[in-house]
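Commentary on secondary and tertiary structure
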Amino acid sequence: VSLSLKVFFAGADEEWYASHRWQDKSPEQQEYETGWAWDQWAAASCAERGGHWWHLDWSAEDGLDLQCLHCPAGINELYPDGGDVLFAELPLLFGKVLRIEYGDIPLGTEPPCRYWSGAVRAWVESEYHRGGLWGPEEWDAWVVVESL
Ligand SMILES: [Zn+2]
C-alpha cells in the first residue's frame, strides 16, 4: 500500500512541477510574475534601508489608503488586512482631530473633515493573552498611525 501511495505522490509532484515550469507559462503570466517579484524586491529593500515612507490618505468618500512613497508597499505589507485594524488620531487645524478606529470613522460620529493626507509613522502593536480555563492563548494585533 505504501509503495503505491509513494508512486501516486511522485506523479502528482511531477505534474505540479510541469505546470509551474517557467518556459511553459504564457508571456502574460511571466510578465505578471516578473512584476510581482520586482515589487517584492523593492518593498524588501525599502524596508531594509531604514523603513517605509508611509503616506496616509483618507477621504469620506474613498476611505483609507496607506502607501509607501518609495516602493509599492501598502498596508498589507505592514500587516495582512491591516486596514481593518488601523487606529489613528490625525491632527487637523484648530486643535481638531480626525479619529480613526478599525480603519474607519467611529460609528455614529460625523468626521470633522472630508479629507486628510500626509506623511505618517505606522507600526504594528500586539498583545498576548495567556490562555486559561476559559479559552486558548491569543494574540491581538493592530496598526497604529501617527502624523509626522
Ligand atoms: Zn517602502
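Look up: the structure comes first, before these words.
Throughout what follows, the structure given in this document is the object of discussion.

1. Section: the environment of Gly95
Among the secondary structure elements, Gly95 is positioned in the loop between strand 3 (86–91) and strand 4 (97–100). Separated by 53 residues in sequence, Gly95 and Leu148 have C-alpha atoms that sit 16 Å apart.

2. Some points on the pattern of salt bridges
Tallied over the entire structure, the rule returns four salt bridges. A salt bridge links Glu61 to Arg114, with the shortest nitrogen-to-oxygen separation between them at 2.9 Å. Placement of Glu61 in the loop between strand 1 (54–59) and strand 2 (63–68) and of Arg114 in the loop between strand 4 and strand 5 (115–129) is noted, with a sequence separation of 53 residues between them. Grouping residues by exposure puts Glu61 and Arg114 together as exposed. Between Glu89 and Arg99 there is a salt bridge whose closest N-O contact spans 2.5 Å. Of the two residues, Glu89 sits in strand 3 while Arg99 sits in strand 4, which places them ten residues apart along the sequence. Arg99 gets classed as partly exposed once you look at its relative accessible area, which sits at 39%.

3. Considering the coordination of the zinc ion
Around the zinc ion, the protein contributes the donor atoms Cys46 (SG), His52 (ND1), Cys68 (SG) and Cys71 (SG), at 2.1 to 2.4 Å from the metal centre. Site description for the zinc ion: donor spacing in sequence, C-x5-H-x15-C-x2-C. Here the two residues Cys68 and Cys71 agree in accessibility, since each one is buried.

4. Regarding the pairing of strand 5
Bridge count between strand 1 and strand 5: five bridges; the pairing is antiparallel. Residue pairing in the sheet places Ser59 in a bridge with Tyr115 of strand 5. One ladder, built from ten bridges, connects strand 5 with strand 6 (residues 138–147); its direction is antiparallel. Bridged to Glu127 within strand 6 is Asp140.

Reading guide: rules and limits
- Residues numbered from 1 in each chain as written.
- Predicted model: local features only at pLDDT ≥ 70, side-chain atom pairs only at ≥ 80, totals over all residues.
- Heavy atoms only, no water.
- Helix = DSSP H or I, 4+ residues; strand = E, 2+ residues; numbered from the N terminus.
- Salt bridge = Lys/Arg side-chain N within 4 Å of Asp/Glu carboxyl O.
- Buried < 20%, exposed > 50% of the residue type's maximum accessible area, 1.4 Å probe, protein only.
- Donors = N, O, S within 2.8 Å, 3.2 Å for Na, K, Ca; no water.
- Pairing = 2+ DSSP bridges.

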